[in-house]
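This is what each chain is made of:
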Amino acid sequence: MKLRTGVLWIVLLLAGLFVFTRSEFKAIPNKLATEFSQFKTELAADNSTSTTSGVSSTQSATTTSVSSSSAAANTVTTEQTPIEPNVQNKTLAHTYYYHFAANMPAAAKQAFVAAIATYNQTGIVKLVAGAGTAEQNQITFFVYHKTMTAAQRGTVELGHGGPNIIQRIGWGAYTANHARAGLNATYTAAFNKSVAVHELGHALGLDHSTDSESVMYPVEQGKTVLTAADLAGLKSIYSN
Ligand SMILES: [Zn+2]
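What counts as what
- Residues numbered from 1 in each chain as written.
- Predicted model: local features only at pLDDT ≥ 70, side-chain atom pairs only at ≥ 80, totals over all residues.
- Heavy atoms only, no water.
- Phe/Tyr/Trp six-rings, centres within 6.5 Å; stacked < 30°, edge-to-face > 60°.
- Salt bridge = Lys/Arg side-chain N within 4 Å of Asp/Glu carboxyl O.
- Helix = DSSP H or I, 4+ residues; strand = E, 2+ residues; numbered from the N terminus.
- Buried < 20%, exposed > 50% of the residue type's maximum accessible area, 1.4 Å probe, protein only.
- Donors = N, O, S within 2.8 Å, 3.2 Å for Na, K, Ca; no water.
- Axes fitted to C-alpha atoms, helices over the stretch in contact; angles between N-to-C directions.
- Parallel < 35°, antiparallel > 145°, perpendicular 65-115°, else oblique.
- Left-handed = near helix turned anticlockwise from the far one by under 90°.
- Contact = heavy atoms within 4.5 Å.
- Nonpolar A, V, L, I, M, F, W, Y, C, P; charged D, E, K, R; others polar.
- Expected span 1.5 Å × (residues − 1).
- Arc of directions from axis to C-beta.
- Pairing = 2+ DSSP bridges.

The name given to the chain in an unreviewed UniProt entry is Matrixin family metalloprotease, and the organism recorded there is Loigolactobacillus binensis.

Below is the structure:
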């Protein structure tokens with residue numbers, strides 16, 4: 001009798017070890033550094049008193065890059081806004097629990113609240129205020145400060161955001177997206193619904209689009225309405 005109990009314990013121990021070793025977290029490379037930029041000429045237009053030769057040469061260089069990218073956007077027709085690589089082929093629940101980081105300026109919060117409403121109106125995803133568990137999708141909204149250096153002149157980073165896939169395999173397997181979306185508080189132009197819609201789009205798994213009408217176009221165009229292609233991209237992630 002004693003021997004049988006001992007054998008049973010060994011079997012249970014081995015089974016436990018097997019489960020333990022099988023259920024590890026799988027590391028998935030995440031790309032969070034997707035940025036949203038605004039060409040400096042748009043900001044320079046606000047304080048258009050400086051007319052030195054140095055400024056005008058910068059502006060002409062910037063204008064060239066604007067026209068070349070919009071020319072490319074006009075020729076390329078995309079049926080679906082691309083999906084972030086780490087979200088591809090993942091089964092994600094359509095419900096997200098979101099919260100704001102501490103000390104968020106009211107204007108930044110307001111921009112994100114408007115963006116949340118935009119995505120909730122699609123009926124494809126559902127963003128709910130709250131913390132959520134490890135197994136559930138989560139989004140953290142935040143602000144950060146980044147001043148552009150001389151080497152980065154020509155563009156101003158207004159925000160960044162992206163998905164962060166957590167995948168547990170084996171026993172108790174799940175896949176969740178613990179995403180982040182942030183606005184660059186150094187530039188007040190960042191506290192805009194259009195920037196928030198773009199960064200939240202990244203958080204939900206959308207990648208950059210070459211279509212200048214898309215909210216996922218990498219340069220600020222003031223777009224706040226998701227195009228049919230944006231909706232198709234979102235649907236492809238959350239249609240499971
Ligand atoms: Zn972006």
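J.: I tried to follow the packing of aromatic side chains on my own but got confused; where do I start?
T.: Counted by the stated rule, this structure contains six aromatic pairs. Among the aromatic side chains, those forming a connected cluster through ring pairs are Tyr98, Phe100, Phe112 and Phe141.

J.: Is there a simple way to explain the pattern of salt bridges in this structure?
T.: Under the defined criterion, the tally for this structure stands at two salt bridges. The shortest N-O distance in the salt bridge between glutamate 157 and lysine 146 comes to 2.7 Å. Taken together, the residues span a long stretch of sequence, with glutamate 157 in strand β6 (residues 155-162) and lysine 146 in the loop between β5 (137-144) and β6 at a distance of eleven residues. Overall, lysine 146 belongs to the partly exposed group, its relative accessible area being 28%. Between lysine 223 and glutamate 213 there is a salt bridge; the shortest N-O distance is 3.4 Å.

J.: Where do I start with the coordination of the zinc ion in this structure?
T.: Octahedral metal centres with six donors ideally show angles of 90 or 180 degrees, and tetrahedral centres with four donors ideally show 109.5 degrees. Around the zinc ion, the protein contributes the donor atoms His198 (NE2), His202 (NE2) and His208 (NE2), at 2.0 to 2.1 Å from the metal centre. Mapping the donors of the zinc ion onto the primary sequence yields the spacing H-x3-H-x5-H.

J.: Sorry, what's going on with the packing of helix α4 (residues 106-121) against helix α5 (residues 193-204) here?
T.: Relative orientation of the contacting elements α4 and α5 amounts to 60°, with a least axis distance of 8 Å. For the element pair α4 / α5, the angle class is oblique. α4 and α5 meet at a crossing whose hand is right-handed. Seen from α4, the contacting residues are Ala111, Phe112, Ala114, Ala115, Ile116, Thr118 and Tyr119; seen from α5, they are Lys193, Ala196, Val197, Leu200, Gly201 and Leu204. Residue classes in the contact of α4 with α5 are distributed as ten nonpolar, two polar and one charged.

J.: I'm lost on α4 in this one. Help?
T.: An α-helix turns once per 3.6 residues; consequently, residues spaced three or four apart project the same way. The terminal C-alpha atoms of α4 lie 23 Å apart, and with 16 residues this matches the ideal 22 Å at 1.5 Å per residue to within 8%. Looking only at α4, the buried set comprises Ala108, Ala111, Phe112, Ala115, Ile116, Thr118 and Tyr119. Viewed end-on, α4 has its buried residues packed into an arc of 160°, placing them on one side of the element. Exposed side of α4, more than 90 degrees from the buried face: Ala106, Gln110 and Gln121 are the residues found there.

J.: What am I meant to see in the environment of histidine 94 here?
T.: For histidine 94, the location among the structural elements is in the loop between α3 (53-75) and β3 (95-100). With 144 residues separating them in the primary sequence, histidine 94 and tyrosine 238 have C-alpha atoms 5.7 Å apart. What histidine 94 contacts, discounting residues up to four positions off in sequence, is Ile124, Val125, Lys126 and Tyr238.

J.: Please explain helix α6 (residues 228-238) as it appears in this structure.
T.: Listed as buried for α6 are Ala229, Asp230, Gly233, Leu234, Ile237 and Tyr238. For α6, the angular spread of buried residues about the axis comes to 165°, placing them on one side. Elements in contact with the buried residues of α6: β3, α4, β8 (174-184) and α5.

J.: I would appreciate a short explanation of the pairing of β6 in the present structure.
T.: Counting buried positions along β6 gives seven out of eight residues, so the element sits mostly inside the fold. In this structure, β6 lies alongside β8, joined through four bridges in antiparallel fashion. Bridge pairing in β8 places glycine 162 opposite arginine 180.

J.: Got a minute to help me understand the pairing of β5 in this structure?
T.: In terms of burial, β5 is a largely internal element, seven of the eight residues being buried. As paired strands, β3 and β5 are joined by five bridges and run parallel to one another. Bridge pairing in β5 links tyrosine 96 to asparagine 137. Bridge count between β5 and β8: seven bridges; the pairing is parallel. Each bridged residue has a counterpart across the sheet, and for phenylalanine 141 the counterpart in β8 is alanine 181.

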